[in-house]
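What the coordinates show
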Amino acid sequence: MATYLGTHGSRIQNYTTDPDNPNTGEVWYNETANTLKFQYPNTFSQGSWATGGNLNTARGYLSGANNAPQTTALVFGGTEPPPRGALTELYNGSNWTETTDLNTARSSLGGAGISTSALAVAGHAPGAVAVVESFNGSNWTEVGDLNTARDALAAVGADNTSALAFGGNPPVRNETEEWNGSSWTEVNNLNTAREWLAGAGIKTDALAIGGTAPGGSPPANNYRAITELWNGTNWTEVNDLNFARAYMVGAGTTTSALGFGGYSPVIPGASTDTESWNGSSWTEVSEMVSASYGGGGGGSSTSALIAGGFSPPTTNVTQEWDVSTLAAGAWTTETSMNTARKSLGGAGTSNTAALAYGGSGPPTYDLTESYNGTNWTEVNDLNSAKTSMGCAGSYTAAISFGSGGASTDTELWNGTNWTETTNMNTGRGSMGTAMAGTTTAALGAGGANGGVKNLTEQWNGSNWTEVNDINTTRYSIAGAGTVTSALIAGGYTPGGQTADTESWNGTNWTEVNNLNQTRYNFKGSGVSNTSALAFGGQPGTGAGTAKTELWTGSSWSEQNDRNTAVVGPASSGTITSALGFGGEGPPALAVTESWSVPSTTVKTISTD
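This report concerns the structure included in the present document. Here the residue index of a chain counts from 1 through its sequence in written order. Totals for whole chains, interfaces and linings use every residue, but because this is a predicted model, local features are given only for residues with pLDDT of at least 70 and side-chain atom pairs only at 80 or more, for both listing and counting. Hydrogens and waters are ignored; side-chain quantities use all the structure's heavy atoms.

**A closer look at the overall build of the protein chain**
Put simply, DSSP H or I for four residues or longer makes a helix, DSSP E for two residues or longer makes a strand, and each gets a number counted from the N terminus. Within the protein chain, the secondary structure is distributed over 1 helix and 56 strands. For the radius of gyration, the atoms used are the C-alpha atoms, and the globule rule reads 2.2 Å times the number of residues raised to 0.38. Its C-alpha radius of gyration of 28 Å places the protein chain within 12% of the 25 Å reference for a compact globule of 608 residues. C-alpha extents for the protein chain along the principal axes are approximately 85 × 65 × 45 Å. Note on exposure labels: buried denotes an accessible area under 20% of the residue type's maximum, exposed denotes more than 50%, and partly exposed covers the range between, all computed with a 1.4 Å probe on protein chains only. Out of the 608 residues belonging to the protein chain, those deemed buried represent 54%. Contacts: residue pairs with any heavy atoms within 4.5 Å of one another. Sequence separation of 24 or more characterises 51% of the internal contacts of the protein chain that already satisfy a separation of 6 or more. If you sum the accessible surface of the protein chain, you get close to 22200 Å²; carbon and sulfur atoms cover 46% of it. Using a 1.4 Å probe, accessible areas were evaluated by the Shrake-Rupley method; residue-level cover was limited to the displayed protein chains.

This is the structure in structure tokens:
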């Protein structure tokens, strides 16, 4: 109490109910519920990958100082012409600079420490070696060898005076050795002998992650998801990775770590998978920008890096992981539409002002309804019934274009009536559309008309013009943004459903990070290619989904689910104020849900 009074200038108050407008950080006691509560910022953490400055020399099977911060990363060794290299490169957060080479050129080595105090441990030179070198920020010096020569091992450490090395080959090993700054000592073994594993942590507190271990049947099962925890004395098996693989990079501590990239024949090939460790289990998080295995890097669970590796072939690409704090949103069920329908059109700029038009039940409708934040009202109909059309604009100025059945129809809404105008060049439905577009600037991408299209058309207020195609041919796509900054995601391709996401800069489409959940026939909202929300849809056979994902310019993160799973809804709004309406469960639905992002929320501290 004294601490709270001194910090906030008030005592903890008793209320029979929660106060109407508590301040952020305010604590109170709810006498009716017998609970102590407080008001806290409504935020969540989201990690994402972005591309950094390229290495000067592309190579794979290199290593890095595992605890070096992202902005001062150090990588060394690897395979390059000639087969094994001694190159060392130092990162400043933007660019790599070549510095003093290793004394012994090698690949498949372990790396520990930071950029001014690092160790390069063992490796392949050719053949497994026990050579260890210490880096002081300028030069490498040979120090005491490992007791057991090996390559494909992992190493971790706080600096060049304190490290741990484990695993490796040949043969596949479980040996663990500790470094005290002058010599290596054999300590207790891993429970599972393996090679090509990753590590995170320090000498007294480490994780051994993934790798390959003999004995799998078929051989693909040699790739393991095993995770072991080192407490300074013994290794203990803890919860596995979600996805077995080897040739990964690890970063962080035993209570907050990352494992990313790698290789598995299950994919098959290089992986973009990233998993986050919270001290007890692994969770899949945002994928890397590009797949890689055998790269070098390290860092922390909130700021990590991977450089080089194989895509294949060898790459010089650097990828940076960062975690941002964002506001968290939630869905609330609102007044239903007057007529249940799916695959309808929608327009609007918030969760309090929207337009719903067309769709099917069956039958196919020409109905239009307007939403004022409280109720839906029937207004003047479309000129022709249609479904699965493209849509954009606001509830007073909207556009409808195309339709299922390969229609080219375009209609404009002026707040009172729909007017037919110039048709599209190619009739199609189920396009990805720039939902924040207007009646004078709209965009439609992909779609279907008996075949799947990759076409993009742009509307200038009087005519449609074909512009550059999307990269992945598909239909039933979610879209967001404007004619100069748009995003499309998911959909159905000739080969099946996809999670692909593409960003439009006004001229070209560029592939970016995928959705977390593959799906089609869902909707998006948002005002640009850096700000979008996607929800609902069909993830496969069977029922629809209530999943919601948020795009902030580099990756998708899973948000709070809708209250109702839905396929083929319509949408309006932004990432902080959106409306989802209609769709099917099945059957056709009239349900309306509002998405909002409050700045604060109430949390219960304790219950009597």
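From this point on, the discussion continues.
**Considerations on the sheet that holds strand S38 (residues 418–421)**
Pairing between two strands is assigned when DSSP locates at least 2 bridges connecting them. One open sheet holds the 4 strands; their spatial order is S35-S36-S37-S38, and the pairing between them is antiparallel. Since the sheet does not close on itself, it has two edges, and those belong to strand S35 (390–393) and S38, each with one partner. When strand polarity is set aside, the average angle formed by the axes of neighbouring strands in this sheet is 20°. For helices, the fitted axis covers only the stretch in contact; all axes are lines through C-alpha atoms, and the angles between them, taken along N-to-C directions, range from 0 to 180 degrees.

**Some thoughts on the sheet that holds strand S41 (residues 456–459)**
Strand order in the open sheet formed by 4 strands is S39-S40-S41-S42, and the pairing between neighbours is antiparallel. At either margin of the open sheet sits one strand with a lone partner, and together these are strand S39 (432–433) and strand S42 (464–467). Relative to S41, strand S40 (residues 442–445) is paired through 4 bridges, and the arrangement is antiparallel. Paired with Gly 444 across the strands is Glu 457, a residue of S41.

**Here's the deal with the pairing of strand S13 (residues 154–159)**
When S13 meets strand S14 (residues 162–166), the two strands line up antiparallel, connected through 5 bridges. Bridge pairing links Asp 159 to Ser 162 in S14. Taking the residues that link successive antiparallel strands as the turn, the S13-S14 hairpin has 2 residues.

**Here's the deal with unusual backbone geometry**
The omega torsion of the bond from Ala 125 to Pro 126 falls at 0°, within 30 degrees of zero and hence cis. Here Pro 126 lies in the loop between strand S10 (117–124) and strand S11 (128–135). The omega angle of the peptide bond from Pro 362 to Pro 363 is 5°, so this bond is cis rather than trans. With respect to the helices and strands, Pro 363 occurs in the loop between strand S32 (354–357) and strand S33 (368–371). At Ser 108, a residue that is not glycine, the phi angle is positive and equals roughly 55°.

**With respect to the pairing of S41**
Bridging between S41 and S42 involves 4 bridges; their strand directions are antiparallel. From the neighbouring strand, Thr 456 faces S42, where its bridge partner is Val 467. Linking two consecutive strands that pair antiparallel, namely S41 and S42, is a turn of 4 residues; a positive phi of about 105° is found at Gly 461 within it.

**Quick look at the nonpolar core**
Here, nonpolar core means buried Ala, Val, Leu, Ile, Met, Phe, Trp, Tyr and Cys residues that are tied together by side-chain atoms lying within 4.5 Å of each other. Of all hydrophobic cores here, the largest spans 13 residues; its most connected members are Leu 119, Val 121, Leu 146 and Trp 184. Contributions of two or more residues to this core are made by S10, S11 and S14. The leading source of residues in this core is S10, at 3 residues. With residues up to four places along the chain from it excluded, the contact list for Val 121 reads Arg 106, Leu 109, Gly 110, Val 131, Val 132, Leu 146, Leu 153, Ala 155, Ala 165 and Trp 184.

**Here's the deal with the side chain of Glu 457**
Mapping Glu 457 onto the fold places it in strand S41. The term polar contact refers here to a pair of N or O atoms within 3.5 Å; inside protein, the definition further demands a hydrogen-donor-capable atom paired with an acceptor-capable atom, and it admits residues adjacent in sequence only when both atoms are side-chain atoms. Reaching out from Glu 457, the side chain makes a polar contact with the backbone nitrogen of Asn 425 at a distance of 3.0 Å. Each residue touching Glu 457, except ones within four places of it in the same chain, is listed here: Met 424, Asn 425, Thr 426, Arg 428, Ala 442, Leu 443, Gly 444, Trp 464, Thr 465, Glu 466 and Val 467.

**Regarding the pattern of salt bridges**
Every case where a carboxyl oxygen of Asp or Glu lies within 4 Å of a side-chain nitrogen of Lys or Arg is listed as a salt bridge. Inspection of every chain in the model, using the stated rule, returns 15 salt bridges. With a closest N to O distance of 2.9 Å, Glu 502 and Arg 474 form a salt bridge. Of the two residues, Glu 502 is situated in strand S47 (residues 501–504) and Arg 474 in the loop between S42 and strand S43 (478–481); the sequence distance between them amounts to 28 residues. Taken individually, Glu 502 and Arg 474 each receive the classification buried, so the pair is uniform in this respect. Between Arg 519 and Glu 549 there is a salt bridge whose closest N-O contact spans 3.0 Å. Here the residue Arg 519 occupies a position in the loop between strand S48 (509–512) and strand S49 (523–528), and Glu 549 occupies one in strand S51 (residues 548–551), the gap between them amounting to 30 residues. Overall, the relative accessible area of 0% leaves Glu 549 in the buried class.

**Looking at the packing of aromatic side chains**
Here a Phe, Tyr or Trp ring, Trp counted by its six-membered ring, pairs with any other such ring whose centre lies within 6.5 Å, and the pair is stacked when the planes are under 30 degrees apart, edge-to-face when over 60, and tilted otherwise. Inspection of every chain in the model, using the stated rule, returns 30 aromatic pairs. Arranged with centres 5.2 Å apart and planes meeting at 50°, the rings of Trp 277 and Trp 282 form a pair that is tilted. Its relative accessible area of 2% is what places Trp 277 among the buried residues. For Trp 282, a relative accessible area of 6% gives the class buried. Taken together through their ring pairs, the aromatic side chains of Tyr 61, Trp 196, Tyr 223, Tyr 247, Tyr 263, Tyr 293 and Phe 310 make up a single cluster.

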